[in-house]
Amino acid sequence: MGELPARAQVVIVGGGIVGCSVAYHLMLRGYKDVVLLERKQLTSGTTWHAAGLVGQLRATHNLTRLAQYTTELYAALESISGQATGFRQTGSLALATTQARFEELKRGASMARCFGLQVNVLGPKEARDLWPRMATNGLVGAVHLPNDGQTSPVDTALALAQAAKSRGARVFEHTPVRTIVVKGGRAVGVVTREGGIEAEHVVNCAGMWAHELGASVGATIPLHAAEHFYVVTEPIEGLPGTLPVLRDADACTYFKEDAGKLLVGWFEPAAKPWGMQGISKDFCFDSLPDDLEHIEPLLQAAINRVPVLGKVGIKLFFNGPESFTPDNRYLLGEAPEIRNLFVAAGFNSIGIQSAGGAGKVLADWIVDGHPPMDLWDVDIRRMMPFQRNRRYLKDRTVESLGLLYAMHWPYRQPQSARGVRRSPLHDRLHARGACFGELAGWERPNWYAPEGVPAAYEYSYGRQNWFKYSAEEHEAVRQDVGLFDQSSFGKFVVEGPDAEAVLNRICANDVSVPIGRIVYTQWLNDRGGIEADVTVTRDSETRFFIVTGAASQTRDFAWLRRNIAAGARAIAFDLTSAFAVLGIMGPRSRELLQSLTPADLSDAAFPFATSQCIDLGYARVRASRITYVGELGWELYAESEFALGVFEAIMSEGLSRTPRLAGYHALNSLRMEKGYRHWGADITEEDTPLEAGLGFAVAWSKEGGFIGRDALLRQRESGLRRRLVQVALEDGSKLLYHNEPIWRDGRLAGRITSGMFGHTMGKSLGMGYIENASGLADDDFVLEGRYEIEVAGARVPAVASLRPFLGPASRKVMV
């Protein structure tokens, strides 16, 4: 391609299939000056040895949309680029050898219908008709996706590169990037051995090297390589070229017809991390040493399913590295630490089937300044700074590879690299039977086991072993008083003479309130979508205290900092680690706390949505009268070194009343009954406060307006076509989790965004958006419909409501 240019609009680092896709889609969006730099040759990292599977059904709605787009792109790519890709839509067949796996597959099939995917639920005989060489012993059922496919990874990547070059992109091989140039907190170019390139945006698509490249400029890109094994057989006589890709997840195995041979690979539960000492920059089309001992039991299980494997020779034993992330989801978007540094990496062995959609939405993000849809599942801002830790990544990767084919149980918790972030109360709660779940590295009590019962999950798609214990915690909060450890909250402060003005622009609600007042508000984008769901407490004339969820700590702090205008006399800082939080909730919470403090906790002296610093035990704590469970209660913010003393005072045996320890499963069931939204599930950057029923938290007429106001005004004027509703199943034995289809009058109208059993009501509850495809989703449209929720292929009658099912939302919390 000649000499390196001195400058470009975008520099892409890494010439695998994802980098080539980003380049192509940037050119499609009209960019004229895109440069792709590859350290060796295109595809020479991990793309070249990928299996080339192209599936469409992913774990969430938008990830499935991206996978569908990838399939459509690959189907047309040969005609776009003039280069053959080897893409064929032969379908896929997923097997179940247990009833639990079959339920998982059927739930996935139901979810697929939300996305318009063709899907067939099959019995063993029907499955064998599609794959005649397969043994059906132990088979319970299968799911067939006829439009899934396979492709040649190298040819497909080169076709994307050719399509990009034909539109003006420049591709330079054998051009390693030495560093990313950062000035004033922004990526402004790269330095190579041939010289530097100034750029408006830099995209890190460096695959296995993305972690190291990001860390060199302070960006957190948590991924680690693992060894991935497959074999290719000698030719098999009579093997049809139209066989669907076969996945036997219970045997950790996939099978793909490959030019008359079988390619057989594995995602085993205990993987082998690789590259702990760093990965050579000379790595180019390299493979790793064989490990026959490691794959022998896997190969035997594959022979049991496809007996011909035991009769045919093996032409190739292959072992190559793939990148895996701590939560098995890839990393996409703008790095929170550095403006204009974008990332697309860590694809967890699904890079081929993800590359088209990921490249498209990242190009849209770069061009438009925001993602085109809710991408929270793969947004790099979900990652925490500690996740750069190499030992953590190595230990987690042992588990991560196998998660692709492991059972995707509801509430499943990772087993590896645990105990990273612990609240000051952790050991006390553990001693009292806490069963911890992990979120953003935090160990959080999800439920409490009574004495003599192991504090461990027994997973199923039905009522799990903790169900009755969580129900007791739930009822204690409804009837008496409970204690939640909520220390994992993200906690920020904005301070300075312009703090009020800064926050009033960011917040949809009005924070021009008296000192001590708590404001519930959303932070919106210019399209009116909800970027964050927070509370803001006014500490003083110039200081505000902000609380958000644990998972969105990094994301929300980045949003906050980036929306403080240049020159504003205000700063933001993160105090998450400074405070433990004890939630004391229930109708008798006042009685309990009043016995521990001289402060007046009466409604007159301490109204709802106010915050005061009070004496409790030997400490001074911030007591905020707020709730996420729909009952009277206070959140107590204690500086970390005082937290144990506060906890011991509250749990003292000398008190007339002590709270029931309660976990996050109970918190979830309590909030569902009251219709409280959860950011990341029920509300996202694609959803507006009006659609979500949160218009009461919008200060339409406050001076100066707020981000997103114009978009909301337009929507209020035109009316709503989709609304968030609460649903309750008539059959209480069925449980809702997420993405179950909502049927209204026999037509698909939406999907469940979150679900939980409501113990006070004795019903399975859910929330979800329904859409009127032919008009407005007004109250009559919502309330006059006949509803069913599809659960594992069966439609279950349900009742829908625009209001919480359990009483007026403010009846108990305001007294």
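In what follows, the structure referred to is the one given above.
Enquirer: Explain the overall build of the protein here, please?
Expert: Across its full length, the protein carries 18 helices and 39 strands. Over its C-alpha atoms, taken along the principal directions, the protein stretches across nearly 80 × 65 × 55 Å. Here the protein, with 815 residues, has 61% of them falling under the buried criterion. Accessible surface computed for the protein: about 30,400 Å², of which carbon and sulfur atoms make up 49%.

Enquirer: Before we go on, may I ask you to explain the sheet that holds strand E30 (residues 611-616) in this structure?
Expert: As a general point, the strands of a sheet are linked pairwise by backbone hydrogen bonds and lie either parallel or antiparallel. Overall, mixed pairing links the six strands, which are arranged E30-E31-E32-E29-E23-E33 in an open sheet. Strand pairing shows two members of the sheet lacking a second neighbour, E30 and strand E33 (660-661), which therefore form its edges. Summarising the sheet, strand E23 (residues 482-485) and strand E29 (residues 579-585) pair through four bridges and their orientation is antiparallel. Looking across to E29, one finds that Phe484 is bridged to Gly583. This element, helix H15 (residues 643-650), spans E23, E29, E30, strand E31 (619-624), strand E32 (633-639) and E33 of the sheet and lies at about 20° to E29.

Enquirer: I'm lost on helix H17 (residues 709-718) in this one. Help?
Expert: Quick reminder: α-helices carry 3.6 residues per turn. Residues three or four places apart thus point the same way. For H17, every residue scored as buried is listed here: Ala711, Leu712 and Gln715. On an axial view of H17, the arc spanned by its buried residues comes to 95°, and they lie on one face. Seen from the buried face of H17, the exposed residues on the opposite side, beyond 90 degrees, are Arg714 and Glu717. Count one or two residues on from H17 and you reach Gly719, which has phi positive near 95°.

Enquirer: Would you explain unusual backbone geometry in this entry?
Expert: Across the chain, the bulk of peptide bonds are trans and the bulk of non-glycine residues have phi less than zero. The phi angle at Ala259 is positive, at roughly 55°, despite the residue not being glycine. Mapped onto the elements of the fold, Ala259 is located in the loop between strand E14 (253-258) and strand E15 (261-266). Although it is not a glycine, Phe285 adopts a positive phi angle of roughly 55°. Owing to a relative accessible area of 33%, Phe285 belongs among the partly exposed residues under this scheme.

Enquirer: Just to check I follow, could you spell out the layout of surface pockets for this structure?
Expert: Once rolled over the atoms, a probe with the size of a water molecule shows which space is left empty. If you add up the space inside the second largest pocket, you get close to 470 Å³. The wall of the second largest pocket is formed by 23 residues, among which Glu334, Arg339, Gly369, His370 and Trp559 lie closest to the centre. Sorting the residues of the lining of the second largest pocket by element identifies helix H8 (351-368) and helix H13 (553-562) as the ones contributing at least two each. No other element matches the four residues that H13 contributes to the lining of the second largest pocket.

Enquirer: Any chance you could explain the sheet that holds strand E26 (residues 530-538) here in plain terms?
Expert: An order of E25-E26-E27-E24-E28 is seen for the five strands of this open sheet, with the pairing classed as antiparallel. Looking at the sheet topology across the chains shown, the edges are occupied by strand E25 (518-524) and strand E28 (571-574). Strand-to-strand twist in this sheet, taken as the mean axis angle between neighbours without regard to direction, amounts to 30°. With four bridges connecting them, E26 and strand E27 (residues 543-548) associate as antiparallel partners. Residue Arg538 lies in a different strand from E27, and its bridge partner there is Phe544. Most of the contacts of helix H12 (residues 499-506) go to E27, to which it runs at about 35°, and overall it touches strand E24 (490-495), E25, E26 and E27.

Enquirer: Teacher, can you tell me more about the packing of aromatic side chains here?
Expert: Any two aromatic rings considered together are summarised by their centre-to-centre distance and by the angle between their planes. Tallying each qualifying case throughout the model produces 28 aromatic pairs. Taken together through their ring pairs, the aromatic side chains of Trp409, Tyr411, Trp447, Tyr457, Tyr459, Tyr461, Trp466, Tyr469 and Tyr737 make up a single cluster. Just above the ring of Phe545 sits the side chain of Arg622; from NZ or CZ to the centre is 4.6 Å. Geometry around Trp743 places Arg795 over its ring, the cationic atom sitting 3.5 Å from the centre.

Enquirer: How do you make sense of helix H2 (residues 61-81) when you look at a structure like this?
Expert: Across its 21 residues, H2 extends 29 Å between first and last C-alpha, which sits within 8% of the 30 Å expected from 1.5 Å per residue. In H2, a bend of some 40° at Ala75 exceeds every other bend along the element. Among the residues trailing H2, Gly82 stands out with phi positive, at a value near 80°.

Enquirer: How do you make sense of the environment of Asp526 when you look at a structure like this?
Expert: Summarising the element assignment, Asp526 is placed in the loop between E25 and E26. With 156 residues separating them along the chain, Asp526 and His370 place their C-alpha atoms 9.6 Å apart. Ignoring any residue separated from it by four or fewer positions in sequence, one finds Asp526 in contact with Ile707, Gly708 and Ala711.

Enquirer: What's the story with the packing of H2 against H8 in this structure? I'm lost.
Expert: Any two packed helices are characterised by how steeply their axes cross, that is the angle between the axes, and by the distance between the axes. Contact pair H2 / H8: the axes reach a minimum separation of 7 Å and the direction vectors enclose 100°. Comparing their axes, H8 and H2 come out roughly perpendicular. The segment H2 lies against H8, with Leu66, Ala67, Tyr69, Thr70, Leu73 and Tyr74 engaging Ile352, Gln353, Ser354, Ala355, Gly356, Gly357, Lys360 and Val361. Of the residues in the contact of H2 with H8, the class split is eight nonpolar, five polar and one charged.

Enquirer: Can you help me understand the pattern of salt bridges in this one?
Expert: A side chain with one charge may pair with a side chain of the opposite charge, provided their charged atoms come close. All told, the structure shown has 55 salt bridges when counted by the stated rule. Linking Glu103 and Arg107 is a salt bridge whose minimum nitrogen-to-oxygen distance equals 3.1 Å. Taken together, the positions of Glu103 and Arg107, both in helix H3 (residues 99-114) and four residues apart, correspond to about one turn of that helix. The residue Glu788 makes a salt bridge to Arg795 at a minimum N-O spacing of 4.0 Å. A residue is classified by how much of its surface remains accessible, and Glu788, at 15% relative accessible area, is buried. Residue classification places Arg795 among the partly exposed positions, given a relative accessible area of 40%. Where salt bridges share partners, they join Asp379, Arg381, Arg527, Glu531, Arg555 and Glu685 into one cluster.

Enquirer: What exactly am I supposed to notice about the side chain of Lys261 here?
Expert: Residue placement: Lys261 occurs in strand E15. Although buried, Lys261 forms no salt bridge, and the nearest oppositely charged side chain, Asp258, lies 5.2 Å from it. Once you skip the residues sitting within four places of it in the chain, Lys261 turns out to touch Val232, Thr233, Glu234, Pro235, Leu239, Lys256 and Lys315.

Enquirer: Which parts of the structure should I look at to understand empty space enclosed by the protein?
Expert: Taken as a whole and judged by the stated rule, the model has seven cavities of 30 Å³ or more. Approximately 140 Å³ is the volume found for the largest cavity. What lines the largest cavity is a set of 13 residues, among which Met208, Leu223, Gly275, Ile279 and Arg390 lie closest to the centre. Of all the secondary-structure elements, those providing two or more residues to the lining of the largest cavity are helix H6 (210-215) and strand E12 (224-233). Across the lining of the largest cavity, the residue classes break down as six nonpolar, five polar and two charged. Put simply, the second largest cavity is a space of about 110 Å³. In terms of lining, the second largest cavity is formed by 13 residues, of which the most central are Tyr411, Trp466, Phe467, Leu735 and Met756. For the lining of the second largest cavity, the elements supplying multiple residues, two or more each, are helix H11 (467-479) and strand E36 (747-758). Class assignment for the residues of the lining of the second largest cavity results in eight nonpolar, four polar and one charged.

What counts, and at which threshold
Residues numbered from 1 in each chain as written. Predicted model: local features only at pLDDT ≥ 70, side-chain atom pairs only at ≥ 80, totals over all residues. Heavy atoms only, no water. Helix = DSSP H or I, 4+ residues; strand = E, 2+ residues; numbered from the N terminus. Buried < 20%, exposed > 50% of the residue type's maximum accessible area, 1.4 Å probe, protein only. Areas by Shrake-Rupley, 256 points an atom, 1.4 Å probe, with all protein chains shown as cover. Pairing = 2+ DSSP bridges. Contact = heavy atoms within 4.5 Å. Axes fitted to C-alpha atoms, helices over the stretch in contact; angles between N-to-C directions. Arc of directions from axis to C-beta. 1 Å grid on protein atoms, 1.4 Å probe; cavity = no way out; pocket = protein on both sides within 12 Å on 5 of 7 lines; lining within 4 Å. Points joined across faces, edges and corners; volume = space filled by probe spheres on them. Phe/Tyr/Trp six-rings, centres within 6.5 Å; stacked < 30°, edge-to-face > 60°. Lys NZ or Arg CZ within 6 Å of the ring centre and 35° of its normal. Expected span 1.5 Å × (residues − 1). Bend = angle between axes of the 7 residues up to and from the residue. Parallel < 35°, antiparallel > 145°, perpendicular 65-115°, else oblique. Nonpolar A, V, L, I, M, F, W, Y, C, P; charged D, E, K, R; others polar. Salt bridge = Lys/Arg side-chain N within 4 Å of Asp/Glu carboxyl O. Lys, Arg positive; Asp, Glu negative; His and termini not counted.

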